[in-house]
Amino acid sequence: MNGWWGRVLYINLTSRQVKEITLDSSIYLEYLGGRGLAVKLLWDLNPVGVDPYSPYNHLVIANGPLSSLPAPSSGKVQVATKSPLTGGYGDGNLGSMASFHLKRSGYDAVVVTGASKKPIYLYIEDGRVEFRDAEDLWGLDTFTAEDKLVREHGRSVGILLIGPAGENLARYATIVSQKGRSGGRPGVGAVMGSKKLKAIVIKGSREPPIANREEFQRVASEAYNKILKSDGYDFWIRQGTMMTIVWSQQNSVLPTKNFREGVWEEYESISGDLMEKLKVDRRGCPFCNMQCGNVILDDSGEESELDYENVAMLGSNILLSDLRRVAEINKLADKMGIDTISLGNSLAFYMEASERKLVEERLEWGDYREIKRLVVDASYRRGLGAFIAEGVWRMAKSIGREALDFAIHVKGLEVSAYDCHTAPGMALAYGTSPIGAHHKDAWIISYEVKTDRLGYTREKVERLVFLQDVRGGMFESLTTCRLPWVEVGLDLDYYPKLLTAATGVSWSLDSLRTVANRVYSLIRAFWIREYGGWDREMDYPPPRWFKHPLTKGPYTGHKLDFDKYSKMLDMYYEMRGWDERGIPRRETLRKLNLDYVITTLEKIVELK
Ligand code: PTT
Ligand code: SF4
């Protein structure tokens, strides 16, 4: 089979057994790789209703048919599991040489189950697995631990690892690589920690099978050149995702004071323009010619790699107005291996609870010293940090009813950095994102602010489904970075062309959208199975956007309209072939070759 190896490496940490699972080619044609392959494996392998921290939960690390091949931004890898933050399907996507080496080691994915009694790390070389002692790595931050592993194994390996947050089961701990790439927002790092698995070091030297190498190289080099010559390239290279701070402020969507407002008077103190002046380096992911990891020196004089989400969530949302200080918190989060978006939300939620006198221990807005202490304490789950490490949904439930109104999450995952008081399409994107509130599946807000900003229209829902199919379906399953398309306008047609050259199977955007549709319905089925049912309320955005109108900026007085949102949700369900409860219809499941989930779902809900 070209493009894929057709096999998955299955590692049991309890029994220390390793086996190879071979998969039929139809699985790859139907699920592609990355997210698609991960949810299929989790559906098949995870026991129903398993506790995310149980040894029986599986951790999947998967890449796709373009991985390790020199095509634009193909150096990403998907990490997925049943989430300890949401209780549903959770994943993330990070740029790392681990993507390259996983593919070169002869596998499409590594699946880890069981749990070790003692801290270990895995060393995988061309499919040979060694269980190595990690007592001396346990407790180290991700930067120090990675340095140690590089000293042991050299630079030509891929390393995925967790920090203290993952070890101590902070619910939104991530997996980190290359000192600044982080993925798996819904606690994928905590699941790795629950297995006492500190790191995976992987090395591969096998040439992956490819159908038409010459054609692949021709299309890829054309695409690389298009990127270099694109209009937006120069500005992108200067600011990367950090350009979004000013854009968000101008469009009144910059998350401010726990998503209370969409504008912040002090936005210039954290802007991309300021970052440009302070920038000392630029980094990025493998195979990328638009490297966007902008590095500045933080408050301690150390390097910190900035992105929009990190800076908005740890800047405007908690009212911290000094880019070097924001950079310091961001670097600490990377070292600890904890998600900056959920962290920024959790801190802001607690600050608001403190302001409203709903909690005893005080925490002031923008209190740098306390914030710094809490990032570390959350990662070690000590004192107030243990509460912060639970995430806003659990904190709000334990505080009580009033707090649920300003808990900014969907399905337990904290919202990323776009305020939606005046963006109904983006609110629906958060509401229906398959892992809980994340912008990665549909960043419709850039379209929304340019078109019918305040409208609740069918066109928006159609656009949303298209974006989900392309971003959450195609890019997440190919495991290539979507930014060449999003940010510098690389034509989407390059992706089916590259895929066709790699696999020898003819692909089109339409056939890729069918894969995406299947993946979305399977993820929804996974949630229903794990939750033992479904309610459309699970697809609602946070109550704040319906209840608390903006008090600042050009949209003062605006908030979302619940009935109109609900109608958009109906349209969304109809387009996905789901019923009015958000449950896939029997006919939809059949059409998507998901017949095998029907028997399971029928035991839980009535299928229409
Ligand atoms: C992603 C989420 C994002 S999305 C950001 S900044 W962004 C935050 N980054 C974090 C970080 O850094 N450190 C940390 N401790 N926590 C962090 N949490 C947040 O995590 C990232 C880039 C970015 S920067 C974006 S938009 C794009 N995301 C992609 C995606 O999701 N899929 C895809 N196919 N391509 C993408 N390209 C871009 O990648 P999660 P990375 Mg990240 C330090 O993983 O869990 O999905 O959360 O992967 O290699 O760091 O690249 O303004
Ligand atoms: Fe990585 Fe940025 Fe390149 Fe995407 S554009 S592959 S996030 S460096």
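The preceding data block contains the structure.
The paragraphs below set out a description of the structure included in this document. (Residues numbered from 1 in each chain as written. Chains lettered and ligands numbered in written order. Predicted model: local features only at pLDDT ≥ 70, side-chain atom pairs only at ≥ 80, totals over all residues. Heavy atoms only, no water.)

Now for the pattern of salt bridges. Within the structure shown, the criterion is met by 52 salt bridges. The salt bridge involving Arg283 is made with Glu303; its shortest N-O contact spans 2.2 Å. One end of the pair, Arg283, is in strand β13 (residues 279–283); the other, Glu303, is in strand β15 (residues 303–306), and 20 residues separate them in sequence. The partly exposed category is assigned to Glu303, whose relative accessible area is 37%. Residue Asp570 is joined to Arg536 by a salt bridge in which the shortest nitrogen-to-oxygen separation is 2.7 Å. Here the residue Asp570 occupies a position in helix α25 (residues 562–576), and Arg536 occupies one in the loop between α23 (509–531) and α24 (544–547), the gap between them amounting to 34 residues. (Salt bridge = Lys/Arg side-chain N within 4 Å of Asp/Glu carboxyl O. Helix = DSSP H or I, 4+ residues; strand = E, 2+ residues; numbered from the N terminus. Buried < 20%, exposed > 50% of the residue type's maximum accessible area, 1.4 Å probe, protein only.)

This part takes up helix α4 (residues 142–153). Over its 12 residues, α4 runs 16 Å from end to end, which matches the ideal 16 Å to within 8%, given 1.5 Å per residue. For α4, the full list of buried residues reads Thr142, Phe143, Ala145, Glu146, Leu149, Val150 and His153. Each buried residue of α4 sits inside an arc of 160° when the element is viewed along its axis, so together they form one side. Relative to its buried face, α4 has exposed residues pointing more than 90 degrees away, namely Arg151 and Glu152. N-capping of α4 is provided by Asp141, with a side-chain oxygen placed 2.8 Å from the backbone N of Phe143. Phi for Gly154, located one or two positions after α4, is positive at around 85°. (Expected span 1.5 Å × (residues − 1). Arc of directions from axis to C-beta. Polar contact = N/O pair within 3.5 Å; in protein donor to acceptor, adjacent residues only side chain to side chain.)

Along the chain, Arg544 turns up in helix α24. A polar atom in the side chain of Arg544 sits 3.0 Å from the backbone oxygen of Asn258. Among the polar contacts made by the side chain of Arg544, one reaches the side chain of Glu352 at a distance of 2.6 Å. The contacts of Arg544, once residues within four sequence positions are left out, are Lys257, Asn258, Phe259, Arg260, Glu352, Arg356, Asp405, Phe406, Ile408 and His421. (Contact = heavy atoms within 4.5 Å.)

Right, let's talk about the layout of surface pockets for a bit. For the largest pocket, the calculated volume is near 590 Å³. Around the largest pocket, the lining comprises 17 residues; the ones closest to its centre are His409, Glu537, Tyr540, Pro541 and Pro543. Mapped by element, the contributors of at least two residues to the lining of the largest pocket are α17 (401–404), β16 (409–410) and α24. Along the lines of polarity and charge, the residues of the lining of the largest pocket split into 11 nonpolar, 1 polar and 5 charged. Reported here for the second largest pocket is a volume of approximately 360 Å³. Residue lining of the second largest pocket: 14 residues in total, with Trp443, Ser446, Tyr447, Lys450 and Val486 positioned closest to the centre. Sorting the residues of the lining of the second largest pocket by element identifies α9 (244–250), α19 (445–448), α20 (458–478) and α21 (483–488) as the ones contributing at least two each. Of the residues belonging to the lining of the second largest pocket, the class tally is 8 nonpolar, 2 polar and 4 charged. (1 Å grid on protein atoms, 1.4 Å probe; cavity = no way out; pocket = protein on both sides within 12 Å on 5 of 7 lines; lining within 4 Å. Points joined across faces, edges and corners; volume = space filled by probe spheres on them. Nonpolar A, V, L, I, M, F, W, Y, C, P; charged D, E, K, R; others polar.)

So, to be careful, I would describe these as geometric facts and stop short of saying anything about function.
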